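Descriptive structure summary
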Amino acid sequence: MTATLTPGRHVTILTAPDTRGIVLRVDGERARVLEAASEVPSWFPCADLQGRRGRPAIVHNSGLCRFDLTYLVNTDDSFCQEAIRFLFGRQTDDEQGSACTRHDNDIGFRADHARKGTILAALAPDAWSGMEYENARSILHRYTGTQLFDLAAEWLENPGE
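Residues numbered from 1 in each chain as written. Predicted model: local features only at pLDDT ≥ 70, side-chain atom pairs only at ≥ 80, totals over all residues. Heavy atoms only, no water.

Let us look at the packing of aromatic side chains. In this description, an aromatic ring pair is defined by two values, namely the gap between the centres and the angle between the planes. Taken as a whole, this structure holds two aromatic pairs when the rule is applied. When the ring of Trp-128 is compared with that of Tyr-133, the centres are 5.1 Å apart and the planes differ by 50 degrees; the resulting orientation is tilted. When sorted by exposure, Trp-128 lands in the same class as Tyr-133, which is buried. The cationic tip of Arg-30 hangs over the ring face of Trp-43; the distance from NZ or CZ to the ring centre is 3.9 Å. (Phe/Tyr/Trp six-rings, centres within 6.5 Å; stacked < 30°, edge-to-face > 60°. Buried < 20%, exposed > 50% of the residue type's maximum accessible area, 1.4 Å probe, protein only. Lys NZ or Arg CZ within 6 Å of the ring centre and 35° of its normal.)

On to the side chain of Thr-12. On the secondary structure map, Thr-12 appears in strand β1 (residues 10–13). When near neighbours in sequence (up to four residues on either side) are disregarded, Thr-12 contacts Thr-19, Arg-20, Asp-48, Leu-49, Gln-50 and Arg-52. (Helix = DSSP H or I, 4+ residues; strand = E, 2+ residues; numbered from the N terminus. Contact = heavy atoms within 4.5 Å.)

Further remarks concern the confidence of the model for the protein chain. With 96% of its residues at a pLDDT of 70 or more, the protein chain has an overall mean of 89. Of all secondary-structure elements in the protein chain, the lowest mean pLDDT belongs to helix α3 (residues 93–98), at 87, while helix α5 (residues 130–140) reaches the highest, 96. (pLDDT = per-residue confidence, 0-100.)

Our focus in this paragraph is the nonpolar core. Counting 25 residues, the largest nonpolar core has Phe-79, Ile-84, Phe-109, Leu-140 and Leu-148 as its most contacted members. Contributing elements (two or more residues each) for this core: α1 (66–75), α2 (77–90), α4 (114–122), α5 and α6 (149–157). Residues contacting Phe-79, with those up to four places away along its chain left out, are Leu-72, Val-73, Leu-151, Ala-152 and Trp-155. Of all hydrophobic cores here, the second largest spans nine residues; its members include Leu-5, Val-11, Val-23 and Leu-49. (Core = buried A, V, L, I, M, F, W, Y, C linked by side-chain atoms within 4.5 Å.)

Time to look at α1. An α-helical segment advances 3.6 residues per turn. Residues three or four places apart therefore align on the same side. Within α1, burial applies to Asp-68, Leu-69, Leu-72 and Val-73. With its buried residues spanning 130 degrees around the axis, α1 presents them on a single face. Where α1 is buried, its residues contact β3 (30–35), β4 (41–45), α2, α5 and α6. (Arc of directions from axis to C-beta.)

Running from N to C, α2 and α4 point in directions that differ by 115 degrees, and their axes come no closer than 9 Å. Seen along the crossing, α2 lies across α4 with a hand that is left-handed. Where α2 abuts α4, its residues Ile-84, Arg-85 and Phe-88 lie against Gly-117, Thr-118, Leu-120 and Ala-121. When the residues that make up the contact of α2 with α4 are grouped by side-chain class, the tally is four nonpolar, two polar and one charged. (Axes fitted to C-alpha atoms, helices over the stretch in contact; angles between N-to-C directions. Left-handed = near helix turned anticlockwise from the far one by under 90°. Nonpolar A, V, L, I, M, F, W, Y, C, P; charged D, E, K, R; others polar.)

In this section: the sheet that holds β3. Strands pair in a sheet through their backbones, by hydrogen bonds, and they do so in one of two ways: parallel or antiparallel. Strand order in this open sheet of five strands is β4-β3-β2-β1-β5, and the pairing throughout is antiparallel. On the outer flanks of this sheet lie β4 and β5 (49–51), each paired with one strand and no other. On average, each strand axis in the sheet is inclined to that of its neighbour by 45 degrees, with strand direction left out of account. Across four bridges, β1 lies against strand β2 (residues 19–27) in antiparallel orientation. Residue pairing for β2: Val-11 is matched across the bridge by Gly-21. (Pairing = 2+ DSSP bridges.)

So, on to the pattern of salt bridges. This model, assessed by the stated rule, comprises five salt bridges. Across the pair Asp-112 and Arg-110 runs a salt bridge, and its minimum N-O distance is 2.6 Å. Looking at Arg-110, the relative accessible area reads 32%, which means it is partly exposed. (Salt bridge = Lys/Arg side-chain N within 4 Å of Asp/Glu carboxyl O.)

Next up, the structure:
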């Protein structure tokens, strides 16, 4: 059964009536599934999952989902600082210099986040206070389902580096 359970596969959870989800990761005889109704990932025995028809969902190869990134942004101040610097680094040179987004390239800050994000990225790590973290979190929540997946996967694999 585990051969048919691949990340992105839609499944029915047989032990919970009418419960569906998306496989995020398979680890031996268990799978991490993002439940559709609650959008909370949980581990289930593979024997309790039945594949469904349909186009696979896009899932990050690390098995992370938006829920994981939101939790990381909300709980890890160091990750917030690193994520802001990461997004700033993805801005083009002219965008970094002007603190605004000029190119529609789906990388870096959106136009409404460019000024605040640039200011936060320029601050030294010890200059951040509660207000800076609050601003960073409000910006970063927009990117938890897109650009931050690779950074978060690396961050969780090598904590504190």
